[in-house]
Amino acid sequence: MSGFRICLTLISVLLCSLDVNCFNFDARLPIIKRGGHGTYFGFSVAEHIISQDKASVSLEDSWLLIGAPLDQNAQPNTNRSGALWQCPLTTLHTDCRQVITDGKRDIDNDNLIPPQKDELKDGQWLGVTVRTQGQGGKVLVCAHRYIRQAPDYRWGRGLCYTLTNQLELDEAVEPCKGRPTDRAHEQYGYCQAGTSGLLMEDNAVIGAPGPYTWRGAIYVQEVSDDFLGRDKTMYYSPHIDDQSPVDKYSYLGMAVTAANFFGNGIVYAAGAPRSNGTGQVILFTKKTAVTTMSTHMVLTGDMYTSNFGYELATADVNGDRLPDLIVGAPNYFDKTQGGAIYVYLNSKSPCTLTCSPPLKITGQPESRYGIAITNLGDINKDGYDDIAVGAPYDGQGAIYVYLGSKNGTIPEPSQEDTKDIQTAISMRLSYSIVQEAPKSLKPGSPLPRMDNYPILNQQQADKVFQATFLKDCGENDICESQLNIDANLDLPKSRSKDKLDTNRYDLMLGEYREIQLNVTVDNVLESAYEAELHIVHAPALSYIATVKGRCERFPEKMLVVCPLGNPLRRNRSVNILLRFEPLREVDDVSEVKFSLKAVTTSNIVEPQNEVILVANVIRKANLKLRGLWNSTLVEDYPRVKAVHIASHAKLFIPNPTVVVTSQPFDTQASAVTIAKPGGSIEQQATEAVPLWMILVAVVAGLLLLLLIAILFWKCGFFKRTRPDPTLSGNLEKHTDDFHDY
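Since the model is a prediction, treat every value here as computed from it, not as a measurement.

Draft legend 1. Representation of the side chain of arginine 148 within the structure. Tracing the backbone through its elements, the reader meets arginine 148 in strand S14 (residues 147-150). Arginine 148 gets classed as buried once you look at its relative accessible area, which sits at 15%. Separated by 2.7 Å, the side chains of arginine 148 and aspartate 118 make a polar contact. A polar contact is formed between the side chain of arginine 148 and the side chain of glutamate 174, at a distance of 3.0 Å. Once residues within four sequence positions are removed from consideration, arginine 148 is found in contact with Asp118, Glu119, Tyr153, Arg154, Trp155, Arg157, Glu174 and Lys177.

Draft legend 2. Representation of helix H4 (residues 691-714) in the model. Over its 24 residues, H4 extends 35 Å from the first C-alpha to the last, a length consistent with the 34 Å expected when each residue adds 1.5 Å. Directly after H4, the chain includes glycine 716, whose backbone phi takes a positive value near 80 degrees.

Draft legend 3. Just the pattern of salt bridges, in detail. This model, assessed by the stated rule, comprises 14 salt bridges. With a shortest N-O distance of 2.8 Å, aspartate 170 and lysine 138 are connected by a salt bridge. With aspartate 170 in strand S17 (residues 169-173) and lysine 138 in the loop between strand S12 (126-132) and strand S13 (139-143), this pair connects stretches of sequence that are 32 residues apart. Taking relative accessible area as the criterion, lysine 138 reaches 7% and is therefore assigned buried. One salt bridge connects glutamate 591 with arginine 504, and the closest N-O pair in it is separated by 3.1 Å. Here arginine 504 lies in strand S38 (residues 504-508) and glutamate 591 lies in strand S45 (residues 591-599), a separation of 87 residues in the sequence. Judged by relative accessible area, glutamate 591 falls into the partly exposed class, the value being 31%.

So, how was this worked out
Residues numbered from 1 in each chain as written. Predicted model: local features only at pLDDT ≥ 70, side-chain atom pairs only at ≥ 80, totals over all residues. Heavy atoms only, no water. Helix = DSSP H or I, 4+ residues; strand = E, 2+ residues; numbered from the N terminus. Buried < 20%, exposed > 50% of the residue type's maximum accessible area, 1.4 Å probe, protein only. Polar contact = N/O pair within 3.5 Å; in protein donor to acceptor, adjacent residues only side chain to side chain. Contact = heavy atoms within 4.5 Å. Expected span 1.5 Å × (residues − 1). Salt bridge = Lys/Arg side-chain N within 4 Å of Asp/Glu carboxyl O.

Shown next, in the form of structure tokens:
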């Protein structure tokens, strides 16, 4: 993952005389600070002023505090444990210096020591949370993955540090230190304290979503400099089994905020984005010396898995001097929206935050709108707090600014990081004279001087004029661009007979799980402002993601929009590679189509027609035909020697939307069968024995006979004594054998 880049857009507040109030965030000249590659530099950011004197604050006193949770810490013997960086407001990109937090024994000793044996700081994510009390105040920085260990356990407790206004180490805060871990995650084994945090005037509020099987909890501890006189009680929300207002795996403490919501003291709000399936926000109150806080109110999201409560902020958006609550739900979604914020207006009535339904404002699809919310203060000086909402996946990322009003937050953003500089801005300037009405003249009084009562010329009291932006568009200030598209699919070219149709491809179902669209857009004339590539794809395809470039999809329109640059300058080109997936619906169509068009607010010279890419949907099937003739043909052909039976088969598909691209010899076949008369079917099937087999059998039989004869000869069969065939011979032999004569 590449390193994060942080841009701070300077706020320019223009206060005009008379009845005009105006403001603007200038996004064209941001202050940029860069961190190391893969360090998550910029995961959290806070603006800090090192000064006690509010009357004289210089630019040198203003700093950016930037968390880099995977950076290398200055503490010895640690690996990617995270770091806090202190960056001046300059135009340099790499002039930040690391704030010393870990390994410092005491304030007067600058030598850093390695972690203790029972500590594991590698990967502790220091900098996941960075908060400041403001000018002259302290700083809070947390590492929610800090681990305490021994040979038989490792517990993810979490750790926070408070720093002085001069960014010197003040003290360490470990809310879960010393708490029982006998049942591991079912108690305090994985607190993850510091996932969220807040610094108030005297108190630090720390979110810990891990206790008791990720029910979660928040902890409140006083951090004032009066160590001897301050309240040393560690307060916490109820979280032990049946005492908790939420179930397991609710992640209460993912976000925290606090304000005097009910008019009788500070109330602590904690987001539980997985509670109740929709997400909830729990509001707690505390009493001095009573460690367990009380649940006062529960707010519930309106969509399942929307992560309602992932982010929280407070602001007085309607100017009634009551704090209002803003809740983020970055996973809220439907076909046309993605992410939401809910603005709960406060009231002096007993119903407080629930007197009226919250105002819901939604973002673009899949933009994670609402993942970050902050109170900007009253940036246009109209008496109402204004807020900013982050949407990291809205194009290349966007921040929406919403103004407050007497009726609350205005739903339409007053400003976002816009790109339109082609259209001139119309301005209207109105004049009026504020003066006391002349008093009636009394008899005898002198005549007043008329110079004290000027009269306004109403013909000149109202003027409208236009302001144009400085553009790279030639002497006539009219941008004339020419955008050309070159596109192709990573599919084989179609086997169509029309050789001139080079934009047609073949999509073989089963062989391609996705389609890649490669597009290059060139600009050969003047700069093209707000240049975008619009891709309309077939309903049978689904956009997956980009391999190269960044695009945003609009599923309801089958549209994918890819920014090309603002501007896309002369003789520049942009290459974009996109991935699409065939859906089940592709089985019912004969082709899928892509329509590509490059658009810009500049004047296009010789506009190119829409580029159309077509992929034929091809279904490959291996077919095998078998036939069975169940007639003997004896009745029809009793006196013939043989019957020749000719068979012919052809593949036919009745669906007119399916186009068969196979050659004719692949879709039809013929066969000839010869039937001859004979006995039974079994006898007809018996074939004559070949002559060579007969000869071989005869020779083999003779050889076998010869072998048997040789064996008998060897055994003496042919040499045995033969008997005398006459009677006398038999008698003589008998006499010789048994008698002595």
